[in-house]
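Per-entry structural report
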Amino acid sequence: MRVLIVDDEQHVREAIGLLADWERHGITEIDQAVDGEEAVRLIEERKPQIVMTDMRMPRINGIELLTWLHTTKPDIKVLVISGYDDFEYVRHTIRSGGIDYILKPVDPDSLNEALSKAVQAWQLEEEKRQQITKQNIEMNQMAPFYMDRLFSDLINGYGSRETIVSQLQNRVPLPAAGMECNLAVLRDDQFDEGLLSKFRNKRHLLSFTLINICNELLKDQGIAFRHIDKPGEVILLCWDSRLPFNDILERINDGFYSILRRKSHFGAAKMNSFPDDLPKAYSAAVQALCSRNLLTGKSRIHRERAIESENSRSLRLSSYEEQFKLAALSGSKDRIEAATEEWLRDVKERDLVSPEHLVRWNSEWDWIQYHWTENEVKSTQEPVEDTEISQDLPYALPYSEEGMICWDRWREQISGRLYSASRVLTQLHSKDNHIIHDIAQYLEQHYHEEISLQQIAGRFFLSREYISRKFKQEFGVTLSDFLGRIRINKAKTLLLNPQIRIAQIAELIGYQDEKYFSKVFKKLEGVTPNEYRKTHIH
């Protein structure tokens, strides 16, 4: 703590410096001023917690200094040390929030008692200030979530519209009731694998980036927010008619491209009256986005639900299950590629393939593979939780960078699924031949990278559930525990080099957070990384 002594007599300042037990009170810095004017300058510059001042001084006197402190620096604790037993001085000290009024000559016990009260009062208020600051930080962190929750309730039609709008109006600009508005929806699951892989288990960061770009370009024309109940979905409201809505969305896409090197597809709709028509407009925009044709068209803004022609027969992946399974069982590259090409050829004959179709077919694939491999993993087993490396980013569908179908990527996904299924179905129960051991080897080679269960599932074309269960069955530990042990063993070697900081070691083995690395290390080794280093370096 820092104290400023203000008195025009040097011997008084020196006496106070000698009589006060600074160390006992935790005071390490003591400054001096010869009058109130110099005191003001030092207070602004040095920011003391306690000021000890005389009352009668040249230029700015004690009364003026107390008034200035009470008005501009109310957190500073003030002790008055005066040679005058004047009631007006005492009353002004009390009115200005002074802690005590001490008469000269200064008694050491009285001085230290008053100083103790000043220190305790400042510390108590400082604790309260820090608590308030912490609460404000937490509130600021929660504010975006709360706003998104209110907007999502408005979209879903939950609760009283008037109450929700009233709460939102206190925090963000909104259109007037009954005003015409435009609405758009975008989803991160309609981006390609190249972009999604950059964010891996940071879906919130991708949404945050998209929303920030939208709001930066919308400014006072509208607002973008997350749909809390549908991760990865971003909604834009726009009520400014100075520019056509399509032009605004194109500008936003230019913003996306400058940051992410990608543009988005939007479902868009117009509402005649805010907020009454909001749920209806939202539903129309979602349908337009999810039904868009992935085979034709250059527009990235979709306003109508795409309709299949009467001649376009419905394709069900389950209708192809038998030939897919025979191809997998054969283990033949030619059979697998032929089965893949037959499916893709039939899809290409359609006049409409939409994101809805891709999601449905992907879910069918998951069910088929689970059905094929359920004998490999007994269904009576409880699911194995791999929460430490799970992620919420969606399984990457076969999109190109333009958000259309990428046939090569889809071919790779389908044949990859069949090759993986072939190994599972035809394995000789040899450890060297088992695909789970390929996964273990991959972890040993890539432990320093960010690894997620979704990434492993996508790479080896197996379901996350199968990998988790089979890994636990094969190795006796979860995949995340297996990866953690590899990383910690590498860390133990690196800790023997005292030149490498622990934060660097954490990063080198795949942990971005040093505290989390220390937590995992202590859990497995019983000591912190620093304790391990001290014990093993001689």
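What counts and what doesn't
Residues numbered from 1 in each chain as written. Predicted model: local features only at pLDDT ≥ 70, side-chain atom pairs only at ≥ 80, totals over all residues. Heavy atoms only, no water. Helix = DSSP H or I, 4+ residues; strand = E, 2+ residues; numbered from the N terminus. Polar contact = N/O pair within 3.5 Å; in protein donor to acceptor, adjacent residues only side chain to side chain. Contact = heavy atoms within 4.5 Å. Pairing = 2+ DSSP bridges. Axes fitted to C-alpha atoms, helices over the stretch in contact; angles between N-to-C directions. Buried < 20%, exposed > 50% of the residue type's maximum accessible area, 1.4 Å probe, protein only. Arc of directions from axis to C-beta. Phe/Tyr/Trp six-rings, centres within 6.5 Å; stacked < 30°, edge-to-face > 60°. Lys NZ or Arg CZ within 6 Å of the ring centre and 35° of its normal.

Among the structural elements, Ser-82 can be located in strand E4 (residues 77-82). Here the side chain of Ser-82 touches Tyr-101 through a polar contact of 3.3 Å, side chain to side chain. With residues near it in sequence (within four places) discarded, Ser-82 still touches Asp-54, Met-55, Tyr-89, Tyr-101, Ile-102, Leu-103 and Lys-104.

Attention shifts here to the sheet that holds strand E6 (residues 181-187). Here we have five strands laid out as an open sheet, ordered E7-E8-E6-E9-E10, and mixed in their pairing. A strand with exactly one partner marks an edge of an open sheet, and here the two such strands are strand E7 (222-226) and strand E10 (301-302). Where E6 meets strand E9 (residues 266-271), five bridges bridge the pair, whose relative direction is antiparallel. Counterpart to Ala-184 in the pairing with E9 is Ala-268. With respect to the sheet, helix H8 (residues 203-218) is in contact with E6, E7 and strand E8 (233-238), its orientation differing from that of E7 by roughly 175°. Along the sheet face, helix H10 (residues 278-290) touches E6, E8, E9 and E10 and points at about 40° away from the line of E6.

Turning to helix H2 (residues 36-46), its buried residues number three or more, namely Gly-36, Ala-39, Leu-42 and Ile-43. Down the axis of H2, the buried set is contained in an arc of 115°. They therefore lie on one face. Considering only its buried residues, H2 is in contact with strand E1 (2-6), strand E2 (29-33), strand E3 (50-53) and helix H3 (62-72). Regarding H2, its N-cap is Asp-35, as a side-chain oxygen of that residue lies 3.1 Å from the backbone nitrogen of Glu-37 further along.

Next up on the list: the packing of aromatic side chains. The tally for this structure, following the rule as stated, stands at 17 aromatic pairs. Measuring from centroid to centroid gives 5.1 Å for Trp-343 and Trp-361, while their planes differ by 85°, and the two rings are edge-to-face. In this pair, Trp-343 is assigned in helix H12 (residues 333-348) and Trp-361 in helix H13 (residues 355-373), connecting sequence segments 18 residues apart. Assessed through its relative accessible area of 0%, Trp-343 is described here as buried. For Trp-361, a relative accessible area of 1% puts it in the buried group. Over the face of the ring belonging to Trp-407 we find Lys-348, whose NZ or CZ atom lies 5.0 Å from the ring centre.

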